[in-house]
Amino acid sequence: MKQVVFSAAEQHTDVGIICDQVGEALAVETGADIAIVGRNPSAAAMMHVQRKRHMENVAIKSWSTKAGINLWRVPESGLREHSEESGSGRYWLSCLAELRNEFEYAVIQGPAAGASSEAALLGQLADGIILVLGARSTRGAVARKIKETLEGAQSRILGAVLSERIFPVPERIYRRL
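All of these numbers come straight from a predicted model, not from anything done at the bench.

The rules behind each value
- Just so you know, the residues in each chain are numbered from 1, in the order the chain's sequence is written.
- Totals for whole chains, interfaces and linings use all residues, but because this is a predicted model, local features are given only for residues with pLDDT of at least 70 and pairs of side-chain atoms are given and counted only at 80 or more.
- The basis for every side-chain value is the complete set of non-hydrogen atoms in the structure, without hydrogens or water.
- Scored between 0 and 100, pLDDT is the confidence that the predictor attaches to each residue.
- Any two residues whose heavy atoms approach within 4.5 Å at even a single point are treated as in contact.
- Exposure classes here rest on a 1.4 Å probe applied to the protein chains alone. A residue is buried below 20% of its type maximum, exposed above 50%, and partly exposed in between.
- Note on conventions: DSSP H or I runs of at least 4 residues are helices, E runs of at least 2 residues are strands, and numbering of each starts at the N terminus.
- Aromatic rings from Phe, Tyr and Trp, taking only the six-membered ring of Trp, are treated as a pair when their centres fall within 6.5 Å; an angle between ring planes under 30 degrees marks them as stacked, one over 60 as edge-to-face, and anything in between as tilted.
- Working rule: Lys NZ or Arg CZ, within 6 Å of ring centre, within 35 degrees of ring normal, means a charge sits over the ring.
- For our purposes a nonpolar core is just a set of buried Ala, Val, Leu, Ile, Met, Phe, Trp, Tyr and Cys residues, chained together by side-chain atoms within 4.5 Å.

1. Some details on the confidence of the model for the chain
Here's step 1: Chain-level statistics for the chain give a pLDDT mean of 84 and a share of 84% at 70 or above.
Here's step 2: Below a pLDDT of 50 lies the segment residues 51-55, which in the model reaches six contacts outside its immediate sequence neighbourhood of four places, other chains included.

2. Some words on helix α6 (residues 118-125)
Here's step 1: Where burial is concerned, most of α6 is hidden: six out of the eight residues are buried.
Here's step 2: Along α6, the residues classified as buried are Glu 118, Ala 119, Ala 120, Leu 121, Leu 122 and Gly 123.

3. As for the packing of aromatic side chains
The description of two aromatic rings rests on the distance between their centres and on the angle between their planes.
Here's step 1: With the rule as written, the count across this model stands at two aromatic pairs.
Here's step 2: Its end group placed over the ring of Trp 72, Lys 61 keeps NZ or CZ at 4.7 Å from the ring centre.

4. Some points on the side chain of Ser 7
Here's step 1: Along the chain, Ser 7 falls in strand β1 (residues 3-8).
Here's step 2: Taking the relative accessible area as the measure of exposure, Ser 7 reaches 0% and is therefore buried.
Here's step 3: Apart from the residues lying within four places of it in its own chain, the contact partners of Ser 7 are Val 15, Gly 110, Pro 111, Ala 112, Ala 113, Ala 119, Ile 129, Ile 130, Leu 131 and Val 132.

5. A short note on the nonpolar core
Here's step 1: Counting residues in hydrophobic clusters, the biggest one holds 29 residues, and the most contacted among them are Val 74, Trp 92, Leu 96, Leu 99 and Phe 103.
Here's step 2: It is helix α5 (residues 88-102) that provides the largest number of residues to this core, a total of five residues.
Here's step 3: Counting residues in each nonpolar core, the second largest holds 15 residues, with Ile 18, Ala 27, Leu 71 and Val 132 among its members.

Have a look at this one:
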């Protein structure tokens, strides 16, 4: 798997932190170039993209933020600025091809699967999708419906991540370990 989309079941579940952790862990394990494509870039990243946006056919790495030796943060809005394609399908097909050309791996923060059909499209075009479920908010029936929708759209579901999990073991015991 070279391009993986992480998509929350619900809009309020934060996927960005998980994408960052996956990208950073992958960067430690391999010397290959890795892109973390985020939906909500920092203000500094957006200023950098806006300065470069007038340029055409520039490498993604040139306007992305380098976060490590082999790790780049790519604002998804920057991809939109540099894309000549219109419409979700053609746009994402073009973006994923560009990412494949420049990066060995891409960890993509996708839209909420429960609120957007774009998540299913990304699951089809990328190597697969991982559904992020909120431990305190996502209900089983909602997760099953999203899974059925993604499968119906022929998205490759690679797995699920449970976020916001609270462990019942007291912190003082963890400190002793």
